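The lines below spell out each chain.
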Amino acid sequence: MAINSGRQIKMFGVYGLNLNIEKGGVKIEVSGGGREKNYFRKAGDEVIEKKIYANNGEIIISPVPPVNLPIHASNHLMIEFDKSIFVEPGVEEKIFIKFPVEIGVFLSDEKDIEPLDIFTKTKLKYTLYGRPEDGFVCRWWRSEIYKEIPNVDELYEGIMELKIKNSYSEWTEINKIVFNTLTMKIFYKNHAYCSANLEIIKKSMGKTSFNEKVEGMNEAIDLYLAKSRKLGISLAKEIGREFFMERGFK
Amino acid sequence: MTIWDIFKYKIAGIEVEAILKFIGAILIIVIIAKIVRTNIRRGLKDKLPDPTVKNIERFSYYVIIIIGFIASLSIIGISLSGLLVAGGILGIVIGFASQTVVSNFLSGIFLIIERPIGIGDAIKIEDVEGIVEEIKILSTTIRTWDGVYARFPNEKVFTSKIYNYYSSPVRRFEYKIGIRYSDDANKAIEIIKRVLDEHPFVLKEPAPVIFVDELGESSVNLSVRIWAPSNVWFSVKTEMLWKLKVALEKEGIQVPFPQRVIWMAK
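Residues numbered from 1 in each chain as written. Chains lettered and ligands numbered in written order. Predicted model: local features only at pLDDT ≥ 70, side-chain atom pairs only at ≥ 80, totals over all residues. Heavy atoms only, no water.

**Student:** Even after reading the chapter, I still don't get the side chain of T127 of chain A, so can you show me in this structure?
**Tutor:** You can see T127 of chain A is positioned in strand β11 (residues 126-129). Among the residues examined, T127 of chain A registers a relative accessible area of 1% and is labelled buried. Within polar-contact distance, the side chain of T127 of chain A engages the backbone nitrogen of E205 of chain B at 3.0 Å. For T127 of chain A, the contacting residues outside a window of four places in its chain are M78, F136, V137, C138 and W140 of chain A together with L203, K204 and E205 of chain B. (Helix = DSSP H or I, 4+ residues; strand = E, 2+ residues; numbered from the N terminus. Buried < 20%, exposed > 50% of the residue type's maximum accessible area, 1.4 Å probe, protein only. Polar contact = N/O pair within 3.5 Å; in protein donor to acceptor, adjacent residues only side chain to side chain. Contact = heavy atoms within 4.5 Å.)

**Student:** Is there a simple way to think about the pattern of salt bridges in this case?
**Tutor:** Two side chains bearing opposite charge may form a pair once their charged atoms approach each other closely. Applying the stated criterion across every chain, the model contains 34 salt bridges over all chains. E170 of chain A serves as the salt-bridge partner of K203 of chain A, at 3.6 Å between the closest nitrogen and oxygen. One end of the pair, K203 of chain A, is in the loop between β16 (192-202) and β17 (205-210); the other, E170 of chain A, is in the loop between β13 (157-166) and β14 (172-180), and 33 residues separate them in sequence. Salt-bridge contacts for E246 of chain A lead to R41 of chain B; the nearest nitrogen and oxygen are separated by 3.0 Å. Of this pair, E246 of chain A sits in the segment after β19 (242-245) while R41 of chain B is found in helix α2 (residues 16-44), placing the two residues in two different chains. Taking the relative accessible area as the measure of exposure, E246 of chain A reaches 8% and is therefore buried. Here R41 of chain B falls in the partly exposed class, since its relative accessible area comes to 28%. (Salt bridge = Lys/Arg side-chain N within 4 Å of Asp/Glu carboxyl O.)

**Student:** Before we go on, may I ask you to explain the sheet that holds strand β4 (residues 128-135) of chain B in this structure?
**Tutor:** In sheet architecture, strand pairing relies on hydrogen bonds along the backbone and comes in two forms, parallel and antiparallel. Residues and elements named next belong to chain B. One open sheet accounts for five strands, arranged β6-β5-β4-β3-β7; its pairing is antiparallel. At either margin of the open sheet sits one strand with a lone partner, and together these are β6 (149-153) and β7 (162-164). Between one strand and the next, the sheet's axes are offset by a mean angle of 40°, whatever the strand orientation. Inspection of the sheet shows strand β3 (residues 122-125) paired to β4 by four bridges, in the antiparallel sense. By the bridge assignment, I123 is partnered in β4 with G130. (Pairing = 2+ DSSP bridges. Axes fitted to C-alpha atoms, helices over the stretch in contact; angles between N-to-C directions.)

**Student:** Looking at this model, I keep getting lost on the interface of chain A and chain B. Mind explaining?
**Tutor:** Put simply, an interface is often sized by how much accessible area is lost when its parts join up. Counting residues at the interface gives 23 residues for chain A and 25 residues for chain B. In total, chain A and chain B occlude about 2,100 Å² of area from one another, counting both sides; carbon and sulfur atoms represent 58% of this. Interface area lost by chain A to chain B is led by K125, P132 and E246 of chain A, which between them contribute 26%. Counting across the interface, chain A meets chain B through three salt bridges. On the surface where chain A and chain B come into contact, there are 11 residue pairs in polar contact (both at pLDDT 80 or more). Those elements that provide at least two residues to the side of chain A that touches chain B are β11 and β12 (136-143) of chain A. Take the side of chain A that touches chain B: its biggest share by element is three residues, from β11 of chain A. Broken down by class, the residue content of the side of chain A that touches chain B amounts to 11 nonpolar, three polar and nine charged. (Buried area = accessible area lost by both parts, 1.4 Å probe. Nonpolar A, V, L, I, M, F, W, Y, C, P; charged D, E, K, R; others polar.)

**Student:** What's the story with unusual backbone geometry in this structure? I'm lost.
**Tutor:** In terms of backbone geometry, most residues other than glycine have negative phi values and most peptide bonds are trans. L69 of chain A connects to P70 of chain A through a cis peptide bond whose omega is -5°. Between E205 of chain B and P206 of chain B the backbone carries a cis peptide bond, its omega angle lying at -5°. Here P206 of chain B lies in the loop between α8 (185-198) and β9 (209-215). Even without being a glycine, E126 of chain B presents a positive backbone phi close to 50°. Classification of E126 of chain B as partly exposed rests on a relative accessible area of 41%.

**Student:** Please clarify how the nonpolar core should be interpreted in this entry.
**Tutor:** Here is a general trend for soluble globular proteins: nonpolar side chains tend to be buried in one another's company. I59, I61, F99, M160 and L162 of chain A are the most contacted members of the largest nonpolar core, which has 53 residues in total. For this core, the element with the highest residue contribution is strand β7 (residues 76-87) of chain A, accounting for six residues. Counting residues in each nonpolar core, the second largest holds 33 residues, with L128 of chain A together with I177, W233 and L248 of chain B among its members. (Core = buried A, V, L, I, M, F, W, Y, C linked by side-chain atoms within 4.5 Å.)

**Student:** Teacher, can you tell me more about the confidence of the model for chain A here?
**Tutor:** Do not read the fine detail of predicted coordinates wherever pLDDT is low. Residues and elements named next belong to chain A. Considering every residue of chain A, the mean pLDDT works out to 89; 90% of them sit at 70 or more. This stretch, residues 1-7, has a pLDDT under 50; its non-local contacts, to residues over four places away or in other chains, come to 15 contacts. Of the regions scoring below 50 in pLDDT, residues 230-234 engages in six contacts with residues more than four places distant in sequence or in other chains. (pLDDT = per-residue confidence, 0-100.)

**Student:** So what exactly am I meant to see when it comes to the environment of I186 of chain A here?
**Tutor:** Residue and element names in this part refer to chain A. Note on placement: I186 falls in the loop between β14 and β15 (187-188). With 38 residues separating them along the chain, I186 and Y224 place their C-alpha atoms 12 Å apart. With sequence-adjacent residues up to four places away left out, I186 is seen in contact with P63, V64, P65, F99, A192, Y193, C194, N218, E219 and A220.

**Student:** Explain helix α9 (residues 233-250) of chain B here, please?
**Tutor:** Side chains three or four residues apart in an α-helix point the same way, a direct result of the helix having 3.6 residues per turn. Residue and element names in this part refer to chain B. End to end, α9 covers 26 Å across 18 residues, agreeing with the expected 26 Å (1.5 Å per residue, within 8%). W233, V236, M240, L244, A247 and L248 are the residues of α9 that are buried. The secondary structure elements touched by the buried residues of α9 are β8 (170-179), α8 and β10 (220-229). Downstream of α9 by one or two residues, G252 has phi in the positive range, about 85°. (Expected span 1.5 Å × (residues − 1).)

**Student:** Can you walk me through the pairing of strand β3 (residues 26-31) of chain A in this structure?
**Tutor:** Within a regular strand, side chains alternate between the sheet's two faces. All names here are of chain A. In terms of burial, β3 is a largely internal element, five of the six residues being buried. Sheet topology places strand β2 (residues 19-23) next to β3; five bridges connect them, and they run antiparallel. Bridged to N20 within β3 is E29. Linking two consecutive strands that pair antiparallel, namely β2 and β3, is a turn of two residues; a positive phi of about 55° is found at G24 within it. Pairing of β3 with strand β4 (residues 36-43) involves six bridges; the strand directions are antiparallel. The residue of β4 that forms the bridge with S31 is N38.

And the structure:
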């Protein structure tokens, strides 16, 4: 029954319909014989219990874009840097930052994937990017800037590799970066991982995007594709893959 | 009857083929206008102030649509010179609008083009508040907060003062909280800030503003101004006031009852 045993307990992965994982204050358990299963999840003080009726199927635990809690009220993620970055015209630089992790538990079979539960250990906070009349509500997170891949608690934060390119003719200061999470491609192995780009187009305008491939990592479940699968559409593919930061970097 | 015959069929003296071409032309014009508007916004950003850019992009958008619409009229056999000779477009529009149905119809079209409200928006028209359920060509339906459906003729919607609570992504609300004169207002402000910081949808930016607003008869009145996403605004508003009251009392700061000091003569 205890599928995830061993010295290094990992949270993310694909499991059968019987599992018992306990790590870092999070416990996920699917128990019960026959067709009726009991789902139990505890994270901090929050406890969720659900019933599952299934013959086959799998449980997938995967990082998802961090905009679903406490309810889905935004499609944007803002990461504020702890220090300002100044980029010279023409310069391309790669840095690493951290993003908050929300963990999705999915039920899956050959035909369908269904979100069963989403939770997080991170503090939830939202902010506005732009002006009150036409800005974007964003999930807010603050990150330090790293030159090398930092250590993270996989249940708390993921790592984002960010390539910054200044295509504008002037020095540009960046304090924050905003992404459209509908196009967020998350990968995982020991922790959640994203590869993203920021191209500075003007003094206060840039475009952000996510890369589709990361070598040596598993692709996380695309929550929006999972939700839209029944409708036979791919939301993420219907919309542009770039987000234009038209309201500045400060 | 073949498909070709359907194209040649006439509605009000205009062939279906011409009507379809006219609709296609209008769609293309709208797409072109949107592309131009987006490019103007991105091109002029950083060069002109935001309101100026907004005015230019709006002006360009509607000029393209109006010119395109007038130019497309020839597809369905309406010539501009003919219209002008007959008294001008304005005269015709005013003439039609004098009839209620046509007025509602035109108002419906303008509502769709201008989009002051959208389906699912929380709005207030005259004294009716609720969610927009439907915008039809002649009327608009609003579901009030207590579940009653109210139907407005589009002319009424178009000419009324409309408050759209969802048109901007965030919304502000305000509490007035009174504390005793003997309480430390700075401490109360710190407690309120801490409680607000714990709520996900009390936005980080624009940041909440808390200050001593008034020295009242019975209390020192604090003003607490909070921004929240428009779609969760009401739940945040109903949730936070009690949380603030509980948090303040837990720290020994009380909301006083009305009181009056009486000096007795010896």
